[in-house]
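Tertiary structure, described
Here are the chains, one letter per residue:
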Amino acid sequence: MIELSHVSKTYAPTFGRPSRAVDDVSLRVGAGEIVGLAGPEGAGKSTLLALVLGHERPTSGTVRVDGIEPRRFVEREGIGYLPQPFALPGGWRVTDALARLAVLAGVHATQTRARVDAVVKDLGLEDARRRRLRSLSRDARVRFGVAQAILADRRVIVLDEPLDGLSDDSLDRLRDLFITLRAFDRAILIASRDAAALHRIADRVTPIDRGRVRRIGAARPTTPVAIEAVFHLAVQHGAEHVLAVFPTAIALGKGVFAVRVSGLAVLNLGLRELLERGALIASLAPANARVEPNALSPMAEAAS
Amino acid sequence: MRARVSAYAGAQLRDYLVGRVPLTAVATGLAAWGYVYTHGLTWSAFDATGGIDARVQLQQAFDFVLASFAFLAAAFAAHGLVAKHRRRGYDRVIFSRPLSPMRYYAQGFFIAGLGAVALGSMAAAFYAAAVYPVSVIGVAGYVALGWLSIGGLAFLLSTLTVFHAPLLLAIIAGDLAFDRYVSGLRASGGGSLALDVAQYVLPPGHVVASLSGSFARGASIDPRALAWPVAFGAICIVAALLLLRRRPFGT
């Protein structure tokens, strides 16, 4: 769906030295995948996303979305996008702004109201409906930004720092939302400084620093979690209870199990029972997620 | 699912009414006050029944205010249309939707022009009813001419650079100054063909400025006088739209 091949982007100001924001990056995000892009500020994440949107053109290499040049794709289908920094006229009120953007997103006139109400509810913006954008808190602004990105049903969603500056409640809300956004024909790319939060959401997390991807895993087909999914569950102790709670689970060693469930409700019930039995859960991730070895090793050591 | 750009026209008109109309009204009011102050006019000068002198004064004052309005309304209509979006990053949000920047800004420019013409017509109708008869249709045509030529230039500059406002002022001021210089030379028997050609192909601010009286009185206008302002505006608008088609965002 999204494909970057040996992409570099160099900014060459009239005065001063050229700076390379992205350096020979190759990345593929397939349909049905959620891919995270983790890196510190100035790592090149936003530039990479701007290339995917066609807001910038690469100095070298190619960017394709659904096989075509990004700008053409955007003008044809649109992309659900949260830019960083996120800016709209501060005088616009929340629901008015969403209604305007829904019109531009192509949402049908008869559905605009319902769609706006739905995203307002999903993002917990009910109390801010009539407030002007300039008066929103940082947390509410980020949630508004995500709301406008998911107004219309898009095959590609690109979010730049959607987890930045959020309260714990908002983080939980967004995590749940991202799970519901997963669809077999949708590619989701999320950039964040918070690698740990990304690991909990994404199937793969690609670290980027100083414009270079440190290590990339190839994309592979994924299983939509909405119907049936496999999760990797790691327990620090109490591994003996896992098979009792999830009889079909497969032990992968070092306290890690592959758990197949028919839905999130079943998974959560099982986890609650596991905790009640005294197990200590170290991590939980979709089976397609590739957790960085550095992040995994302390947990695995503890579990062994 | 394509953007419903036509349905967005109402929002663009509202933006114009809320954001540009007050600015245009205040700036035109200041220009009118400046004219009255520098010419030492008093309220009695605006009594149209006060004889021929009063009527001439009134016409001259109206011609000046109309020319000021046409310039200001056109400049404000296109002011920062593209540059403001780019500078503040609104374009990144708007153009992640399935719509063409060319279509979006062309519609915005057109609606702002319609707003300017409607505003000018209403003000002229009020003036005609309350003070002295003027051609409302002529005023509407004049504001449209200003929007096409000066507004077209402002639109192009806004597409090119964030320094569009000072650049527009400098171009118009330079144009008027050069026109005055060449006209002065010609009056004193000087001038040359090259200067005449240069004067003709300058941005047509000086041509538009000189036509306000004829339009306000509904007089017939020599089409040759309109040719360059119309052509200049059309060239600017087409160039702006082509630039929007080709130029990446965020630059």
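Residues numbered from 1 in each chain as written. Chains lettered and ligands numbered in written order. Predicted model: local features only at pLDDT ≥ 70, side-chain atom pairs only at ≥ 80, totals over all residues. Heavy atoms only, no water.

Another point: empty space enclosed by the protein. Applying the stated criterion to the full structure yields two cavities of 30 Å³ or more. In this structure, the largest cavity spans a volume of roughly 50 Å³. Ile79, Gly80, Ala105, Gln148, Ala149, Leu151, Ala152 and Arg154 of chain A together with Ser96 and Arg97 of chain B are the residues that line the largest cavity. Tallied by class, residues from the lining of the largest cavity come to five nonpolar, three polar and two charged. Lining the second largest cavity are Ala75, Ala78, His79, Gly80, Ala154, Leu157, His164, Ala165 and Leu168 of chain B. Listing elements by their share of the lining of the second largest cavity, those giving two or more residues are helix H3 (52-78), helix H7 (136-160) and helix H8 (164-187) of chain B. (1 Å grid on protein atoms, 1.4 Å probe; cavity = no way out; pocket = protein on both sides within 12 Å on 5 of 7 lines; lining within 4 Å. Points joined across faces, edges and corners; volume = space filled by probe spheres on them. Nonpolar A, V, L, I, M, F, W, Y, C, P; charged D, E, K, R; others polar. Helix = DSSP H or I, 4+ residues; strand = E, 2+ residues; numbered from the N terminus.)

What follows covers the interface of chain B and chain A. Contacts between the two partners involve 30 residues from chain B, matched on the other side by 34 residues from chain A. When the two sides are added together, the surface that chain B and chain A hide from each other amounts to roughly 2700 Å², 53% of it contributed by carbon and sulfur. Between chain B and chain A we count three salt bridges in total. Its salt-bridge partner being Glu56 of chain A, residue Arg92 of chain B comes within 3.7 Å of it at the nearest N-O pair. Along the contact surface separating chain B from chain A lie eleven residue pairs in polar contact (both at pLDDT 80 or more). Breaking the side of chain B that touches chain A down by element, the ones donating at least two residues are helix H1 (9-19), helix H5 (90-94), helix H6 (101-130) and helix H12 (223-246) of chain B. (Contact = heavy atoms within 4.5 Å. Buried area = accessible area lost by both parts, 1.4 Å probe. Salt bridge = Lys/Arg side-chain N within 4 Å of Asp/Glu carboxyl O. Polar contact = N/O pair within 3.5 Å; in protein donor to acceptor, adjacent residues only side chain to side chain.)

Moving on, we come to the pattern of salt bridges. Residue and element names in this part refer to chain A. For the structure on display, the rule yields 22 salt bridges over all chains. Among the salt bridges present, the one from Lys9 reaches Glu56, with a minimum N-O distance of 3.8 Å. Highlighted residues: Lys9 in strand S1 (residues 2-11) and Glu56 in the loop between helix H1 (45-53) and strand S4 (60-65), separated in sequence by 47 residues. Side by side, Lys9 and Glu56 carry an identical accessibility label, which is buried. We note a salt bridge from Asp96 to Arg130, for which the minimum N-O separation is 3.5 Å. Of this pair, Asp96 sits in helix H3 (residues 94-105) while Arg130 sits in the loop between helix H4 (109-122) and helix H5 (138-149), placing them 34 residues apart in sequence. Residue classification places Asp96 among the partly exposed residues on the basis of a relative accessible area of 31%. Look at the salt bridges and you will find they share partners, linking Glu41, Lys45, Glu161 and Arg193 into a network. (Buried < 20%, exposed > 50% of the residue type's maximum accessible area, 1.4 Å probe, protein only.)

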